[in-house]
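Remarks on the overall topology
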Amino acid sequence: MNTNQTNRDCFSCKFGVFAAAVGSAVGLGNIWRFPYLAGENGGGAFLIIYIAFVFILGLPVMLSEFVIGRRGQGNVFRSFKQLAPKKPWYLVGLMGITASLIILAFYSTIAGWAFEYAMISVKNIFSPSAGVVDHAQVFEQFHTATVVPLVWMTVFILITAFVVLFGVQKGIEKYAKILLPLLFVFLVIFSIRGLTLPGSVEGLKFLFYPDFSKINGGVMLSALGQAAFSLSIGMGTMITFGSYIKKDDNLPRSAFSISIADTFVAALAGMAIFPAVFAFGMEPTQGPGLVYVVLPAIFEQMTGGAYFAFGFFVVLIIAALTSSVSLLEVPVAYFREEFRMTRRTATLLGTAISGALAIFTTLSFGPLKHVKLFEKTIFDNSDFFASNILLPLGAFFVVLFLGWFYDIKQTKDEITNQGTLTVRLFPVFVFIIRFVAPLAILLVFLKGVGLI
Ligand code: PHE
């Protein structure tokens, strides 16, 4: 197997890391999670707060993670140790590793649903010729079952493990380059179809017209969690990727492009979903099943709907895979570098931990539906704990570390590539990571969990 260093060298291809980072950011977070959260949390106001969080907080956090990773040249745990020897900052790394194992678990549950939908598209039930099909019922029946969702979850996590086994660069690069543009094309087509349905304007209003009376602490925390989740920050993916980025690569520009691309895909997914939700008289607040119920209803209105459905779900699976691979890479890099495991053993261990948890997150829609803690199912608890607690805390400590504990000159050095790049906004960045981001994240977090 490759040593770490040779792996990092393989990543010298500039486009490789960038494509991999975009691939990590764009995934189910944009297509599945964003629309259902926006639907539950009031639409337009949520969208605006989410976008504000992405650019004011998320982007600086991503840049900070790149700095920590490229400076530290290691997995999330080691990078912190390298930059702050003998200080407990590596605990932030351990928190990130925990978050990635949990996210990978419930991510696999949802990605598994896409497999089922790709399969049933072949049966042609998503097309005008199929006659009237109750898509809500199709979804209900499938996702509350025991065996089939478990099988697809397992298939997904095993494919993830397979890709990680063959090393980061070879695994991720190939897929990300070709398939993300295709996802984009599909979403544009579905938006157009949705927008041409009678009654769809209400959906546009819902998505873009902000009703701020719907905002409270919980909604703010969801928007923050979603910004972190969607950008893959707060848990070490971007630190791990940062360690692979070439020394003369432009970090601020990369962070900016990734944030723009990611937000664009989420907004586009919203455009594909909400006009149709309203045109079909569906409920925007129906939760995690939203896209799986709405999209089939759109396919049904399209000539060749079954083909679109199949193509879309296949591309969605690949987009999910480029994200799940980056999730698994976090614990794998840690196990390898800290415990001297081979890539194979490390991958097996990470997959086993997440896979075990994924059995529970998957069954929590069906047989384990009634197992609840704080009135939430196992799935909801895993998602809430990882996305709304661990990721915001991780992001908080990342900016706190760079803003207050690490030598700001070294940060400047890293961001400007030893002074060869002019980064005019550097003072703004410093102001954000010192004051704005730590305070805002802390406030939203404390308010969201009801501590203030
Ligand atoms: N950002 C990914 C998505 O939107 C999910 C993810 C979260 C990936 C955290 C890596 C780390 O689907």
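Residues numbered from 1 in each chain as written. Predicted model: local features only at pLDDT ≥ 70, side-chain atom pairs only at ≥ 80, totals over all residues. Heavy atoms only, no water.

1. A look at the overall build of the protein
Test applied: Only runs of H or I of at least four residues qualify as helices and only runs of E of at least two qualify as strands under DSSP, and these elements are numbered from the N terminus. Computation of the radius of gyration draws on C-alpha atoms alone. For the globule rule, the value is 2.2 Å times the number of residues to the power 0.38. By definition in these notes, contact holds between two residues if any of their heavy atoms fall within 4.5 Å. In this count, Lys and Arg are taken as positive residues and Asp and Glu as negative ones, while His and the chain termini are left out. For this purpose, a charge sits on NZ of Lys, CZ of Arg, CG of Asp or CD of Glu.
On a plain count of helices and strands, the protein comes out with 19 helices and zero strands. Compactness check: the protein gives a C-alpha radius of gyration of 21 Å against a globular reference of 22 Å for 452 residues, within 12% of the reference. With respect to the principal axes defined by its C-alpha atoms, the protein has extents near 65 × 50 × 40 Å. Residue pairs at least 24 apart in sequence account for 82% of intrachain contacts in the protein once pairs closer than 6 positions are excluded. Averaging the coordinates of the 31 positive side-chain charges in the protein and doing the same for the 23 negative ones gives two points 9 Å apart.

2. Here's the deal with the packing of aromatic side chains
We apply this condition: Classification of ring pairs uses Phe, Tyr and Trp, with its six-membered ring standing for Trp, and accepts pairs whose centres are within 6.5 Å; under 30 degrees between planes counts as stacked, over 60 as edge-to-face, and the remaining range as tilted. Partly exposed residues are those whose accessible area sits between 20% and 50% of the maximum for their type, while under 20% is buried and over 50% is exposed, using a 1.4 Å probe and protein chains only. Charge over a ring is defined by NZ of Lys or CZ of Arg lying within 6 Å of the ring centre and within 35 degrees of the ring normal.
Per the stated rule, a full pass over the model turns up 46 aromatic pairs. On the basis of an interplanar angle of 80° and a centroid distance of 5.2 Å, the ring pair of Trp-113 and Phe-139 is categorised as edge-to-face. Here Phe-139 lies in helix H7 (residues 135-143) and Trp-113 lies in helix H6 (residues 90-122), a separation of 26 residues in the sequence. In this structure Trp-113 comes out as buried when scored by relative accessible area, which is 1%. Looking at Phe-139, the relative accessible area reads 6%, which means it is buried. Lying across the ring of Trp-404, Arg-434 places its NZ or CZ 5.3 Å from the centre.

3. Remarks on the site of the ligand
Under the convention used in this document: The nearness test applies per residue and asks whether one of its heavy atoms lies within 4 Å of the molecule or strand. N or O atoms closer than or at 3.5 Å make up a polar contact, with two conditions inside protein: a donor-capable atom paired with an acceptor-capable one, and, for residues adjacent in sequence, both atoms drawn from side chains. The accessible surface values rely on the Shrake-Rupley method and a 1.4 Å probe; as for residues, cover is taken only from the protein chains in view.
Near the ligand you find 15 residues, and of these Ala-25, Gly-29, Tyr-107, Phe-229 and Ser-232 are the closest. Within the contact set of the ligand, an oxygen atom lies 2.8 Å away from a backbone nitrogen or oxygen of Gly-29. Within the complex, 100% of the 330 Å² of free accessible area of the ligand lies under protein.

4. Considerations on unusual backbone geometry
The residue Lys-86 is not glycine, and still its phi comes out positive at about 65°. Relative to the elements of secondary structure, Lys-86 occurs in the loop between helix H5 (76-83) and H6. Look at Phe-374: it is not a glycine, yet its phi comes out positive at around 50°.

5. Observations concerning the nonpolar core
Put simply, the rule reads: In this text, buried Ala, Val, Leu, Ile, Met, Phe, Trp, Tyr and Cys residues form a nonpolar core when linked through side-chain atoms within 4.5 Å.
Core analysis: the biggest nonpolar cluster contains 148 residues, and Phe-80, Tyr-292, Phe-299, Phe-312, Phe-313 and Phe-401 have the highest contact counts within it. In terms of residue count, the dominant contributor to this core is H6 (18 residues). The residues touching Tyr-292, leaving out its near neighbours within four places in the chain, are Trp-32, Ile-110, Trp-113, Ala-114, Tyr-117, Phe-139, Phe-313 and Leu-316.

6. Topic: the environment of Gly-403
Assignment of secondary structure puts Gly-403 in helix H17 (residues 378-405). For Gly-403, a relative accessible area of 1% corresponds to the buried category. With 35 residues separating them in the primary sequence, Gly-403 and Pro-438 have C-alpha atoms 9.0 Å apart. Those residues within four positions of Gly-403 in sequence are excluded, and the remaining contacts are Ile-408, Ile-433 and Arg-434.

7. Brief notes about the pattern of salt bridges
The following threshold applies: Any Lys or Arg side-chain nitrogen located within 4 Å of an Asp or Glu carboxyl oxygen qualifies as a salt bridge.
Evaluation of the coordinates by the stated rule reveals 10 salt bridges. Between Glu-338 and Arg-78 there is a salt bridge; the shortest N-O distance is 3.0 Å. Taken together, the positions of Glu-338 in helix H15 (residues 305-339) and Arg-78 in helix H5 put the pair 260 residues apart, joining distant regions of the chain. Where Lys-214 meets Asp-211, a salt bridge forms, and the shortest distance between an N and an O atom there is 3.6 Å.

8. Re the packing of helix H13 (residues 251-279) against helix H14 (residues 290-299)
The condition that has to hold: Angles run from 0 to 180 degrees between N-to-C directions of axes, and those axes are lines fitted to C-alpha atoms, restricted for helices to the stretch in contact. Between 65 and 115 degrees an angle is taken as roughly perpendicular, under 35 as roughly parallel, over 145 as roughly antiparallel, and anywhere else as oblique. Charged residues are taken to be Asp, Glu, Lys and Arg, nonpolar residues to be Ala, Val, Leu, Ile, Met, Phe, Trp, Tyr, Cys and Pro, and polar residues to be all remaining types, Gly included.
One can describe the packing of H13 onto H14 by two numbers: an axis separation of 9 Å at closest approach and a directional angle of 75°. Between H13 and H14, the interaxial angle falls into the category roughly perpendicular. Facing H13, whose interface residues are Ala-272, Ile-273, Phe-274, Ala-276 and Val-277, H14 presents Leu-290, Val-291, Val-294, Leu-295 and Ile-298. Here the residues of the contact of H13 with H14 are counted per class, giving 10 nonpolar, no polar and no charged.

9. Here's the deal with the environment of Asp-211
Along the chain, the position of Asp-211 falls in the loop between helix H10 (201-208) and helix H11 (217-231). Taking the C-alpha atoms as reference points, Asp-211 and Phe-46, separated by 165 residues in sequence, lie 8.8 Å from one another.

10. Examining H11
Let me state the cut-off plainly: Helix span is expected to be 1.5 Å times the residue number reduced by one.
Across its 15 residues, H11 extends 21 Å between first and last C-alpha, which sits within 8% of the 21 Å expected from 1.5 Å per residue. Most of H11 sits out of view: 13 of its 15 residues are buried. At the N-terminal end of H11, a side-chain oxygen is found 3.0 Å from the backbone nitrogen of Gly-218, two or three residues along, and the residue is Asn-216. At the exit of H11 stands Ser-232, carrying a positive phi of roughly 60°.

11. Some remarks on the side chain of Glu-300
Relative to the helices and strands, Glu-300 resides in the loop between H14 and H15. Here Glu-300 is buried and forms no salt bridge, its nearest opposite-charge partner Arg-193 lying at an N-O distance of 10.0 Å. Dropping the residues within four chain positions of it, Glu-300 is found in contact with Phe-126, Ser-127, Pro-128, Gly-131, Val-133 and His-135.

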